[in-house]
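# Survey of secondary and tertiary structure
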Amino acid sequence: PRISNFRILQQEGARPRFSPDGTSIVFDRQNSNGLFDVYLMNAAGEITTSLTEGNPGIPQLDNGNAIFDPSGKYIVFLSESPDGIAGAGNPGVGIFCNLWATDLKGAKFWQLTDIPVSILPPYQAYVNPNFSLDGSTLVWTNRYGSGGNNNWGLWRLLSAPFASGADGPKIGATSVLFQPNDSGTGN
């Protein structure tokens, strides 16, 4: 009863997130080259900025699963490591992906994590970055081992302090926020 209508803003977009002020939406989409890139659009659905497509400041592999930091000054997203297996970095899965940050124009980039990359399993993955309400903590999901349900892997939540200074955004020491035990519950 609360929804009176809806409209599609981007036919090919995925994982949209509103800016803190509600005027912009960050999203990713798979382009004709088969790779995902990160874009900004206004609330009317018009793309205003391509943050990663063709941008030499970021690896030109899969980029996506983006979110605004609560200040609205930065966007944190996944970027596939060039050291991994090309094409494995779909931002919905995050294999071989690091967390990066950019400004709202895609003019500057900061690598926040350095995921362990091995061409032999178990493959590591980072996905679903999110912030605490006050923006002081960044939380994300980490595939850290093989196994799990349907061999989809073993997953846990990681967190790190997030701060911005004269050198841009960065994270502090990473810690395990939650890791299920063998029964699937927390330990």
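Check the entry above for the structure.
This write-up is about the structure you can find in this document. (Residues numbered from 1 in each chain as written. Predicted model: local features only at pLDDT ≥ 70, side-chain atom pairs only at ≥ 80, totals over all residues. Heavy atoms only, no water.)

### Here's the deal with the sheet that holds strand 8 (residues 109-111)
The strand order across the open sheet formed by four strands is 5-6-7-8, and the pairing between neighbours is antiparallel. In this open sheet, the two edge strands, each paired with only one partner strand, are strand 5 (63-68) and strand 8. If you compare each strand with its neighbour and ignore which way they point, the axes differ by 25° on average. Direction of pairing for strand 7 (residues 97-103) relative to strand 8: antiparallel, over a ladder of three bridges. Paired with T102 across the bridge in strand 8 is F109. (Pairing = 2+ DSSP bridges. Helix = DSSP H or I, 4+ residues; strand = E, 2+ residues; numbered from the N terminus. Axes fitted to C-alpha atoms, helices over the stretch in contact; angles between N-to-C directions.)

### Some words on a nonpolar patch on the surface
Taken together, the side chains of I85, I119 and L120 present a nonpolar region at the surface, about 310 Å² in accessible area. Mapped onto the elements of the fold, I85 is located in the loop between strand 6 (74-80) and strand 7. I85 sits in the partly exposed class, given a relative accessible area of 37%. (Patch = residues over 30% accessible without salt bridge, like charges linked within 9 Å, V, L, I, M, F, W, Y side chains within 5 Å. Areas by Shrake-Rupley, 256 points an atom, 1.4 Å probe, with all protein chains shown as cover. Salt bridge = Lys/Arg side-chain N within 4 Å of Asp/Glu carboxyl O. Buried < 20%, exposed > 50% of the residue type's maximum accessible area, 1.4 Å probe, protein only.)

### So, the packing of aromatic side chains
Evaluation of the coordinates by the stated rule reveals six aromatic pairs. Pairing F96 with Y123 gives two aromatic rings, centres 5.3 Å apart and planes at 70°, and the pair type is edge-to-face. With F96 in the loop between strand 6 and strand 7 and Y123 in the loop between strand 8 and strand 9 (125-131), this residue pair connects regions lying 27 residues apart in the sequence. With a relative accessible area of 24%, Y123 lands in the partly exposed category. Taking the centre distance of 4.9 Å and the plane angle of 80° together, the rings of F131 and F162 count as edge-to-face. In this pair, F131 sits in strand 9 while F162 sits in strand 11 (residues 154-165), placing the two residues 31 residues apart along the sequence. In terms of burial, F131 and F162 fall into one category: buried. Note that R29 overlies the ring of Y39, its terminal NZ or CZ placed 4.4 Å from the centroid. (Phe/Tyr/Trp six-rings, centres within 6.5 Å; stacked < 30°, edge-to-face > 60°. Lys NZ or Arg CZ within 6 Å of the ring centre and 35° of its normal.)

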